[in-house]
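For reference, the chains in residue letters:
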Amino acid sequence: MNHHGMKAVPFSGSGDWEGPATWGQQGFWDSLKRYDCTSWYRNVAPVWTVPEGWSLADVFQLLGSTVSRYEGLRTDVREGADGRLRQRVRGRGEFPVEIIEATDESDFAGHAARLRALPMIGNGKLPFAAAVVVEEGRPRQLIWAISHLAVDASSVRVLLSHLDEPRQGPPPQPKDQAEAEAGDRLAQAAERSTTAWLRALAGADLPFVARRPEPGAGGIIQETLTSRPAATRLEELTAVLGTDASAVLLAAVSVALGSHLGLRSLPLQVVTSNRHRSDTEDYLGVLAQLGPMTVDLNPDQRFGDAVGQVRRRSLRAYSSALWSPAALDSALRGTGRSADEVLGATCTFNDVRGGFPAVMDHPAQPDPGKDHAVRPLPWWPYQGGRCGIAVAGDQELLQFAVRADTAYVAPKLARSLLPAIDTVLRLAHERTDALVGELTATVAGELADR
């Protein structure tokens, strides 16, 4: 792949503006500052296929109009002089677009990986980098790497759908969201959310609260498990139990984690984008928040009943996910804890299936004799903490991913989590009336045999 040049593309907006960051931006900033041991998960890099008949000028026009329409793509997030996080919207200017000539040895995945790793945090630049791959002068693909401070997973879907069918009219903007969060209604919601956090985690045994004492223990494990049969199992389990796929997945994750950690009451953080709100359908900005929940792993409970419990509690966690980081930290310190301790010391679950770029650039084939493949994950598109688990895929392919900081999570544990989750899903599919204790014992036995 040969570099062909750069193109400066202009944008214009409603004028420069600076104000407080949204709670979503603050939450992502906290996560990146605390847990980003590598640069690999700073940006997300979706690849968009350019329609037939388009010229380079068409692509540049689309890029410029999209950046002009969405303030989130021209917003720089930074710490102010008072230590508080602020966002600055740039009203007009231009941005570079890299033009790359494809060759027979084209490595699109490698190029996207390079853009993912670009630092885009508080550097005064726009929070994205764009490149157009051309073949014999014709644009083939647009690679758009965007900082997590500008978009979350659901915002990427909004962006890709806008590229396919550009929309008109003013969408809601991050500065509007920040102003709404400063109002009385959302201030009251933040207070209720903080109360829910304190109640959900009161007395909880946080599994990754303390740094492991072994010297040289720090490091990152990032792996993904890819399975086609798992997608079929999930779809059929969902139909039999009459629930949604997220609840089944979250229950399977909970049983696997509880088995490995030896916990009957498992503290979790579930990620929701708040995309269900009618006023955010066309919003391009960070809406993802963490909601607190605990799962009771009663060994005498049937897996189907556990799914129902998890679904009810996850819905409550979603409703508690609109929180002010400063308010939450202040309340936690009143109990002898801090946001840094709590947000990192539980497991994070992020289900982003449906329209989001797959975890792997190219789906892996199952290993011989297995119906899945476990591979190292070279980049991490999701927010985590000390132990983050994500699920992506569709009806054809399901992928589990784990990112673990080995200063807090034992490497053996981290590497066994994905097969354990897949095992729970397989066993529950074979017997929907299986007891949680039976599933836990089987998973523990398989772990001991490794």
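Residues numbered from 1 in each chain as written. Predicted model: local features only at pLDDT ≥ 70, side-chain atom pairs only at ≥ 80, totals over all residues. Heavy atoms only, no water.

Draft legend 1. Looking closely at the pattern of salt bridges. Summed over the entire model, instances satisfying the criterion amount to 20 salt bridges. Across the salt bridge formed by Asp-282 and Arg-167, the nearest N and O atoms sit 2.9 Å from each other. Pair noted here: Asp-282 is in the loop between strand S11 (265-272) and strand S12 (289-296) and Arg-167 is in the loop between helix H4 (153-164) and helix H5 (174-181), with a separation of 115 residues, a long-range link. We classify Arg-167 as partly exposed; its relative accessible area is 27%. Linked through salt bridges whose partners overlap, the residues forming this network are Glu-52, Glu-135, Arg-138 and Arg-140. (Salt bridge = Lys/Arg side-chain N within 4 Å of Asp/Glu carboxyl O. Helix = DSSP H or I, 4+ residues; strand = E, 2+ residues; numbered from the N terminus. Buried < 20%, exposed > 50% of the residue type's maximum accessible area, 1.4 Å probe, protein only.)

Draft legend 2. Representation of the sheet that holds S12 in the model. Pairing is mixed across the open sheet formed by seven strands, whose spatial order is S12-S11-S13-S15-S16-S10-S14. If you trace the sheet from one side to the other, it starts and ends with S12 and strand S14 (373-376), each paired once. Strand-to-strand twist across the sheet, computed as the mean angle between neighbouring axes with direction ignored, equals 25°. Judged from the four bridges that link them, strand S10 (residues 220-227) and S14 form a sheet pairing that is antiparallel. Residue Leu-225 lies in a different strand from S14, and its bridge partner there is Val-374. Seen against the sheet, helix H9 (residues 303-319) touches S11 and S12 and runs at an angle of roughly 150° to S12. (Pairing = 2+ DSSP bridges. Axes fitted to C-alpha atoms, helices over the stretch in contact; angles between N-to-C directions. Contact = heavy atoms within 4.5 Å.)

Draft legend 3. Molecular detail of the packing of aromatic side chains. Considering all chains together, one arrives at six aromatic pairs under this definition. Ring geometry for Phe-128 versus Trp-144: centroids 5.6 Å apart, planes at 65°, classification edge-to-face. Highlighted residues: Phe-128 in strand S8 (residues 128-135) and Trp-144 in strand S9 (residues 138-147), separated in sequence by 16 residues. The positively charged end of Arg-386 is found above the aromatic ring belonging to Tyr-408, 4.2 Å away from the centroid. (Phe/Tyr/Trp six-rings, centres within 6.5 Å; stacked < 30°, edge-to-face > 60°. Lys NZ or Arg CZ within 6 Å of the ring centre and 35° of its normal.)

Draft legend 4. Representation of the environment of Arg-228. In this structure, Arg-228 sits in helix H7 (residues 228-241). Each C-alpha atom, one on Arg-228 and one on Pro-51, is 29 Å from the other, the two residues being 177 residues apart in sequence. Residue contacts for Arg-228: discarding those within four places in its chain leaves Asp-371, Glu-396 and Leu-397. At 3.5 Å, the side chain of Arg-228 forms a polar contact with the backbone oxygen of Glu-396. (Polar contact = N/O pair within 3.5 Å; in protein donor to acceptor, adjacent residues only side chain to side chain.)

Draft legend 5. Seen up close, the sheet that holds strand S6 (residues 85-89). With antiparallel pairing, three strands are arranged side by side in an open sheet as S2-S6-S5. Of all the strands in the sheet, the pair left with one neighbour each is strand S2 (17-20) and strand S5 (75-79). Strand-to-strand twist of the sheet, defined as the mean angle between neighbouring strand axes without regard to direction, takes the value 25°. Of the strand pairs in this sheet, S2 and S6 are connected by four bridges, and their pairing is antiparallel. For Glu-18, the partnering residue across the bridge sits in S6 and is Arg-88. Packing against the sheet, helix H1 (residues 23-35) makes contact with S5 and S6, and its axis sits at approximately 60° to S5.

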